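Inside the fold
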Amino acid sequence: MNWLNSEAFTLFGQHIIWSDMVGNIFGLVALALGWRRSVWTWPVQFLAGLILFGAFYGHLTGSAGKQAVVVVVALYGWWQWNRGTGRATDGHIAVRFATWRERGAMIAAGAAGTVAVALLFKAYPSLSWDPWPDAYIFVGTVVAMYAQARGMVEFWFAWLLVDLVGVPLNFANGYAFSGFVYVIYGALVLWGMRDWWLRSRKDPRPVLEGAPA
């Protein structure tokens, strides 16, 4: 498996690593499947997380840790979308806007999580070269995937916020392909956001767990 961490080619003076390239291609496919509300988005995200874990492990431990969390959340998303609850009339997951309570909880969890992870990275410098932006992307990715698993339109907003930091950070750390992919992510996020936003107004609103009948 050493070939995964070898150089694939050079683009605009940047060295493209096989694992970085392959993992991010899978990530793009997963995002496109998420846009289409296909349950296969989760196994593809799981595979992308495994490959990128291999890309970062050993020298960017914090980024590797993020991919380990991505793998776990992908399993949760797979379970959530296969439960059969909150389905739209076409059989796919029904999408909706989060409640204000859910939004507040995600914002609070994102802020607290970012501070906690950044302090961990600062306490152990070997975990990250850029503690605060790395922590922001780490926690933002988890929040975005959680919102996706719950069928929330806010999933796309969270990804867009992650992209705004992820693009320059990946270029700065020498992961050029990740940087280019994050730019494409941004375009897909805008299209996906529009689709889910409009769909949330067309599909019958799913009954939330614990809500009165």
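The coordinates are above.
Parameters and conventions
Residues numbered from 1 in each chain as written. Predicted model: local features only at pLDDT ≥ 70, side-chain atom pairs only at ≥ 80, totals over all residues. Heavy atoms only, no water. Axes fitted to C-alpha atoms, helices over the stretch in contact; angles between N-to-C directions. Helix = DSSP H or I, 4+ residues; strand = E, 2+ residues; numbered from the N terminus. Left-handed = near helix turned anticlockwise from the far one by under 90°. Contact = heavy atoms within 4.5 Å. Nonpolar A, V, L, I, M, F, W, Y, C, P; charged D, E, K, R; others polar. Phe/Tyr/Trp six-rings, centres within 6.5 Å; stacked < 30°, edge-to-face > 60°. Buried < 20%, exposed > 50% of the residue type's maximum accessible area, 1.4 Å probe, protein only. Expected span 1.5 Å × (residues − 1). Core = buried A, V, L, I, M, F, W, Y, C linked by side-chain atoms within 4.5 Å.

Here the focus is the packing of helix 4 (residues 100-123) against helix 5 (residues 131-149). Viewed as axis vectors pointing N to C, helix 4 and helix 5 meet at an angle of 145°, and their least axial separation amounts to 8 Å. Crossing geometry of helix 4 relative to helix 5 is assigned as right-handed. Note on element contacts: helix 5 touches helix 4 through Pro131, Trp132, Asp134, Ala135, Tyr136, Phe138, Val139, Val143, Tyr146 and Ala147, opposite Met106, Ala109, Gly110, Gly113, Thr114, Val115, Val117, Ala118, Phe121 and Lys122. A class-by-class count of the residues in the contact of helix 4 with helix 5 yields 15 nonpolar, three polar and two charged.

Next up on the list: the packing of aromatic side chains. Per the counting criterion, the structure on display carries ten aromatic pairs. Note on Tyr76 and Tyr146: the rings are 6.2 Å apart at their centroids and 10° apart in plane angle, and the pair reads as stacked. Of this pair, Tyr76 sits in helix 3 (residues 61-81) while Tyr146 sits in helix 5, placing them 70 residues apart in sequence. Judged by its relative accessible area of 36%, Tyr146 falls in the partly exposed class.

Our focus in this paragraph is helix 4. Between its first and last C-alpha, helix 4 extends 34 Å over 24 residues, near the 34 Å set by a 1.5 Å rise per residue. Three or more residues of helix 4 are buried, namely Glu102, Met106, Gly110, Gly113, Thr114, Val117, Ala118 and Phe121.

With that settled, the discussion passes to the nonpolar core. Grouped together as the largest cluster of nonpolar side chains are 41 residues, with contacts concentrated most on Leu31, Phe155, Trp156, Trp159 and Trp196. Looking at this core, the elements that each hand over two or more residues are helix 1 (18-35), helix 3, helix 4, helix 5, helix 6 (154-172) and helix 7 (176-202). Broken down by element, the residue count for this core peaks at nine residues, all from helix 5. Excluding anything up to four places from it in sequence, Phe155 contacts Leu31, Ala144, Ala147, Gln148 and Trp196.

Moving on, we get to the side chain of Ser38. Note on placement: Ser38 falls in the loop between helix 1 and helix 2 (41-56). Residue classification places Ser38 among the buried positions, given a relative accessible area of 14%. Contact partners of Ser38, with chain neighbours within four places excluded, come to Leu33 and Trp81.

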